[in-house]
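Residue-level listing of the chains:
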Amino acid sequence: MSLQSAALSRVKPSATMAADQKARELKAQGRDILTLAAGEPDFDTPENIKEAAIKAIRDGKTKYTTVDGIPELKEAICAKFQRENGLTYKPSQINVSPGGKPVIFNAMMATLNPGDEVVIPAPYWVSYPDMVLLAGGEPRFVQTSAKTGFKVQPADLEAAITPRTRWVLLNSPSNPSGAAYTKAELRAVADVLLRHPHVWILTDDMYEHLVFDDFEFWTLAQVEPALYERTLTMNGVSKAYAMTGWRIGYAGGPEPLIKLMAKVMSQSTSNPSSIAQWAAVEALNGPQDFIKPNARLFQERRDLVVSMLNQANGIKCPTPEGAFYVYPSCEGLIGKTAPSGRTIGSDQDFANELLDAEGVAVVFGAAFGLSPFFRISYATSNECLEDACSRIQRFCANVR
């Protein structure tokens, strides 16, 4: 009898974490490794947020809290949604979880039955399909392409929806592609979803504040208020506030759904860290003036990486609207011979050969459901990015 449960056997480990772990192991062995695999800002958490956490500790705010968030944080989230997205929520419509991933996982666990389908545009964040599978549902993928900016087209979305569709997951700006939907593009998606009232929508807005070139961010329930009652609008403090390790994600949605998610939490994680919650209160209520300058730095890094990658033989790199990722094509290298003498038969082969030959860690596109591409995170220094892209150029020049 296998120790592993049937549910767990349906999923695979996170490819992004696996790539990052392999890079760490090679570094520990003394290899000169540049890691562009992890999606984590290299900025430090702002001082006022750190001080709020220290004060919480000193004030004894270290006990259990309400399962899905302290009232003060829920109020701050309500204020954020109103201020930045024009969405009105009551505290009873807010869920706070120990990270953005648990928000999604709790929603899936709370609502999916065996055979329920969840429509996921590809490329997708690696965890989406596996969370659906763990919850007993079935992922149904909709392919996008570089030609459409890696954005789902209304006709393709319409074709993917069936009577068994329970959710549609929409991520903008996207991990891994950096693609972000304009208001008009969301309007077209909303028109499809209005025709299918049995479908719920989860919008993953984690990279909301990381948009470039005067791009204006919109979220679906803001564009189409008629979808408000069946939309879970998810966000968090990890990316914009450089708080990845603090583990605070949140969402606003219909009260019945929020109650079901809290029920899942009551028998799993219980509350997020009390200290991190107080830090998040300060993050949302405190000064926001560092967010746009940080976004401008990411934009400079994006432009650097896009320019250098497009100078590499066999690589084509689109310019994304947001997040801190690029999703270049390595199609021009497939079928050719790497410096090792091995054939590059897939984007996974490309990533492995690049790591072996030049010590640059990236994540292969098949992990995100769309090949032949690879993902680079440019949430690191310009010096590191220039070095890494130079190595990629050298590797590609040596492919025959």
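Residues numbered from 1 in each chain as written. Predicted model: local features only at pLDDT ≥ 70, side-chain atom pairs only at ≥ 80, totals over all residues. Heavy atoms only, no water.

A. Seen up close, the sheet that holds strand S3 (residues 117–122). Judged by pairing direction, the sheet is mixed, and its seven strands sit side by side in the order S2-S8-S7-S6-S5-S3-S4 without closing on themselves. The sheet is open, and its two edges are formed by strand S2 (94–97) and strand S4 (138–143), each paired on a single side. Across this sheet, the average inter-strand angle for adjacent strands is 20 degrees, counted without regard to direction. Alignment of S3 against S4, held across six bridges, turns out to be parallel. What sits directly across from Val 118, in S4, is Pro 139. In the packing of helix H10 (residues 255–266) onto the sheet, contacts are made with S2, strand S5 (165–171), strand S6 (200–204), strand S7 (231–236) and strand S8 (249–252), and the angle to S2 comes to roughly 25 degrees. (Pairing = 2+ DSSP bridges. Helix = DSSP H or I, 4+ residues; strand = E, 2+ residues; numbered from the N terminus. Axes fitted to C-alpha atoms, helices over the stretch in contact; angles between N-to-C directions. Contact = heavy atoms within 4.5 Å.)

B. Local environment of helix H4 (residues 71–85). Along its 15 residues, H4 runs 20 Å from first to last C-alpha, staying within 8% of the 21 Å computed at 1.5 Å per residue. Taken together, the buried positions of H4 are Leu 73, Lys 74, Ala 76, Ile 77, Cys 78, Lys 80, Phe 81 and Asn 85. Looking at the buried positions of H4, the neighbouring elements they touch are S2, helix H9 (220–223), S7, S8 and helix H11 (274–285). Following H4 by one or two positions, Gly 86 has its phi on the positive side, about 65 degrees. (Expected span 1.5 Å × (residues − 1). Buried < 20%, exposed > 50% of the residue type's maximum accessible area, 1.4 Å probe, protein only.)

C. Seen up close, the pairing of S7. The buried fraction of S7 is high, at six of six residues. The sheet contact formed by S6 and S7 spans four bridges and is parallel. Along S7, the bridge assignment pairs Asp 204 with Met 234. Pairing analysis gives four bridges linking S7 to S8, with the strands arranged antiparallel. In the strand pairing of S8, Met 234 is matched with Ala 251.

D. Spotlight on the nonpolar core. Judged by nonpolar contacts, the single largest core of 77 residues is most densely connected at Met 108, Leu 232 and Phe 350. With residues near it in sequence (within four places) discarded, Met 108 still touches Val 118, Met 131, Val 132, Ala 135, Trp 167, Leu 169 and Leu 202. (Core = buried A, V, L, I, M, F, W, Y, C linked by side-chain atoms within 4.5 Å.)

E. Local environment of the pattern of salt bridges. Evaluated as defined, the whole model comprises 24 salt bridges. Arg 391 is the partner of Asp 32 in a salt bridge, and the nearest nitrogen-oxygen pair spans 2.7 Å. A residue pair is termed long-range when its members are at least 10 positions apart, and Asp 32 in the loop between helix H2 (15–28) and strand S1 (34–35) and Arg 391 in helix H14 (residues 382–397) qualify at 359 residues. The residue Lys 259 makes a salt bridge to Glu 255 at a minimum N-O spacing of 3.7 Å. Placement of both Lys 259 and Glu 255 in helix H10 is noted, with a separation of four residues, approximately one turn of the helix. (Salt bridge = Lys/Arg side-chain N within 4 Å of Asp/Glu carboxyl O.)

F. Representation of the side chain of Thr 231 within the structure. Looking at where Thr 231 falls in the secondary structure, it is placed in strand S7. At 2.7 Å, the side chain of Thr 231 forms a polar contact with the backbone oxygen of Leu 227. If sequence neighbours within four positions are ignored, Thr 231 has contacts with Trp 200, Ile 201, Thr 203, Ala 221, Gly 252, Gly 253 and Pro 254. (Polar contact = N/O pair within 3.5 Å; in protein donor to acceptor, adjacent residues only side chain to side chain.)

G. Fine view of the packing of helix H13 (residues 347–358) against H14. Viewed as axis vectors pointing N to C, H13 and H14 meet at an angle of 105 degrees, and their least axial separation amounts to 10 Å. The angle between the axes of H13 and H14 places the two elements in the roughly perpendicular class. Contacts between H13 and H14 involve Phe 350, Glu 353, Leu 354, Ala 357 and Glu 358 from the former and Arg 391, Ile 392, Arg 394, Phe 395 and Cys 396 from the latter. Class assignment of the residues belonging to the contact of H13 with H14 gives a composition of six nonpolar, no polar and four charged. (Parallel < 35°, antiparallel > 145°, perpendicular 65-115°, else oblique. Nonpolar A, V, L, I, M, F, W, Y, C, P; charged D, E, K, R; others polar.)

H. A look at helix H5 (residues 100–111). An ideal rise of 1.5 Å per residue puts 16 Å on 12 residues; H5 measures up with 17 Å between its terminal C-alpha atoms. All of the buried residues along H5 are Gly 100, Pro 102, Val 103, Ile 104, Asn 106, Ala 107, Met 108 and Thr 111.

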